Amino acid sequence: MATPTLDKVEAESAASPYITVTFRIRRFNPEVSDQAEWQDFQIEIDPKERVLDGLHKIKWNLDGTLTFRRSCAHGICGSDAMRINGKNRLACKTLIKDINPEKPITVEAIKGLTVMKDLIVDMEPFFQAYRDVMPFLVTKGNEPTRERLQSAEDRERFDDTTKCILCAACTSSCPVFWNDGQYFGPAAIVNAHRFIFDSRDEAGEQRLEILNDKDGVWRCRTTFNCTDACPRGIEVTKAIQEVKRALITRRF
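Just so we're clear, the structure is a prediction, and the values are computed from it rather than from any experiment.

About the cut-offs
Residues numbered from 1 in each chain as written. Predicted model: local features only at pLDDT ≥ 70, side-chain atom pairs only at ≥ 80, totals over all residues. Heavy atoms only, no water. Helix = DSSP H or I, 4+ residues; strand = E, 2+ residues; numbered from the N terminus. Contact = heavy atoms within 4.5 Å. 1 Å grid on protein atoms, 1.4 Å probe; cavity = no way out; pocket = protein on both sides within 12 Å on 5 of 7 lines; lining within 4 Å. Points joined across faces, edges and corners; volume = space filled by probe spheres on them. Nonpolar A, V, L, I, M, F, W, Y, C, P; charged D, E, K, R; others polar. Pairing = 2+ DSSP bridges. Salt bridge = Lys/Arg side-chain N within 4 Å of Asp/Glu carboxyl O. Buried < 20%, exposed > 50% of the residue type's maximum accessible area, 1.4 Å probe, protein only. Axes fitted to C-alpha atoms, helices over the stretch in contact; angles between N-to-C directions. Parallel < 35°, antiparallel > 145°, perpendicular 65-115°, else oblique. Left-handed = near helix turned anticlockwise from the far one by under 90°.

Q: Just checking my understanding: could you explain the side chain of Arg-194 for this structure?
A: Position of Arg-194 among the secondary structure elements: in helix H6 (residues 186-196). Here Arg-194 is in contact with Phe-158, Thr-161, Thr-162 and Arg-200, once residues within four sequence places are set aside.

And the structure:
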């Protein structure tokens with residue numbers, strides 16, 4: 001087999017899509033220290049790859065102790081929400097080329113929830129708020145002999161809020177939630193909205209009373225952080241305002 005010439009090797013190297021990127025990750029291990037610290041990793045990566053791919057390269061090749069959640073890797077499960085360059089994003093949906101790889105890419109856990117290790121937070125308070133708003137269909141009478149029918153117009157009324165994947169990106173971007181973890185948060189309100197405005201449901205009033213609590217919908221300050229953070233493009237702030245309006249008018 002012929003030995004590659006220097007010119008050929010240099011040409012192939014110049015054509016390579018890979019670039020050197022620095023990942024600056026906020027590490028925390030309660031078994032080692034009660035303080036978090038930043039750690040830099042340099043990797044070779046195609047700029048068309050995702051931040052999740054970069055984290056995998058680090059975990060699999062450089063430091064197996066790096067800890068983060070991920071599952072489907074396609075923006076459906078919502079498990080890999082984290083702060084990337086100061087903004088809440090899904091690591092599996094964020095391309096390296098879209099976040100200025102010429103500078104260090106900062107990665108840290110989402111805010112407002114207790115960090116358990118590295119990029120993993122305790123999601124239990126988030127899911128408790130979700131459970132508290134009764135995120136399920138409530139109807140009376142016997143079970144139907146076929147599906148509960150609904151017009152396209154009625155479905156459209158709450159279609160946007162069915163897109164929530166419970167990633168917590170919206171809730172953990174909310175300044176009110178950062179300062180008071182008792183606030184239900186945008187995600188819980190979005191999931192309440194999905195059933196409050198469902199024409200087949202009969203527990204709208206009950207959910208409204210739950211959200212009328214001091215830690216409920218009135219804590220929202222309409223900063224739009226939640227809408228900007230949602231990886232599914234849900235108009236979160238609009239949904240919250242519609243719930244407020246329903247509480248005032250009792251029309252939904």
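Structure shown, so let's carry the discussion forward.
Q: Help me understand empty space enclosed by the protein in this model?
A: Enumeration over the complete set of coordinates arrives at one cavity of 30 Å³ or more. Taken together, 15 residues form the lining of the largest cavity, with Cys-164, Cys-167, Cys-170, Cys-230 and Ile-234 sitting closest to its centre.

Q: When you look at the layout of surface pockets in this model, what are you seeing that I'm missing?
A: Where empty space is left becomes clear once a probe the size of a water molecule has been rolled over the atoms. Considering only enclosed or pocket space, the largest pocket measures out at about 330 Å³ in volume. Elements with a contribution of two residues or more to the lining of the largest pocket: strand E4 (87-90) and helix H8 (225-229). Looking at the lining of the largest pocket, the element that brings in the most residues is E4, giving four residues. Here the residues of the lining of the largest pocket are counted per class, giving five nonpolar, five polar and six charged.

Q: Sorry, what's going on with the pairing of strand E5 (residues 105-108) here?
A: Within a regular beta strand, the side chains point alternately toward one face of the sheet and then the other, so they alternate between its two faces. Here strand E1 (residues 19-27) runs beside E5; their pairing, made up of three bridges, is parallel. Along E5, the bridge assignment pairs Phe-23 with Ile-105.

Q: Would you explain the pattern of salt bridges in this entry?
A: A side chain with one charge may pair with a side chain of the opposite charge, provided their charged atoms come close. Using the criterion set out here, one finds 17 salt bridges in the structure. Across the pair Glu-242 and Arg-157 runs a salt bridge whose closest N-O atoms are separated by 3.3 Å. You can see Glu-242 sitting in helix H9 (residues 236-249) and its partner Arg-157 sitting in the loop between helix H4 (152-156) and helix H5 (175-179), a full 85 residues away along the chain. Looking at Arg-157, the relative accessible area reads 36%, which means it is partly exposed. One salt bridge connects Arg-200 with Asp-198, and the closest N-O pair in it is separated by 2.8 Å. Arg-200 sits in the partly exposed class, given a relative accessible area of 23%. Residue class for Asp-198 comes out buried when judged on its relative accessible area of 3%.

Q: Even after reading the chapter, I still don't get the sheet that holds E5, so can you show me in this structure?
A: Hydrogen bonds along the backbone pair up the strands of a sheet, which may run parallel or antiparallel. Strands sit in the order E2-E1-E5-E3-E4 across an open sheet of five strands; the sheet is mixed. Every interior strand has two partners, whereas the edge strands, strand E2 (37-45) and E4, have only one. Neighbour to neighbour, the strand axes of the sheet diverge by 35° on average, direction disregarded. Inspection of the sheet shows strand E3 (residues 81-84) paired to E4 by four bridges, in the antiparallel sense. Residue pairing for E4: Ile-84 is matched across the bridge by Lys-87. Across the sheet, helix H2 (residues 51-62) touches E1, E2 and E3, and the angle it forms with E2 is around 100°.

Q: I'm lost on H6 in this one. Help?
A: Structurally, the α-helix is built with 3.6 residues per turn, so residues lying three or four positions apart point the same way. Among the 11 residues of H6, 11 are classified as buried, and the element is accordingly described as predominantly covered. Within H6, burial applies to Pro-186, Ala-187, Ala-188, Ile-189, Val-190, Asn-191, Ala-192, His-193, Arg-194, Phe-195 and Ile-196. Each element contacted by the buried residues of H6 is listed here: helix H3 (124-132), helix H7 (204-211), H8 and H9.

Q: Would you mind showing me how to read the packing of H6 against H9 here?
A: In a pair of packed helices, the angle between the axes and the distance between the axes together describe the arrangement. Across the interface, H6 lies against H9 with an axial gap of 9 Å and an inter-helix angle of 60°. By the criterion of interaxial angle, the relationship of H6 to H9 is oblique. Here H6 runs over H9; the crossing is left-handed. In this structure, H6 uses Pro-186, Ile-189, Val-190, His-193 and Ile-196 to contact H9, whose residues at the interface are Val-236, Ala-239, Ile-240, Glu-242 and Val-243. Along the lines of polarity and charge, the residues of the contact of H6 with H9 split into eight nonpolar, one polar and one charged.

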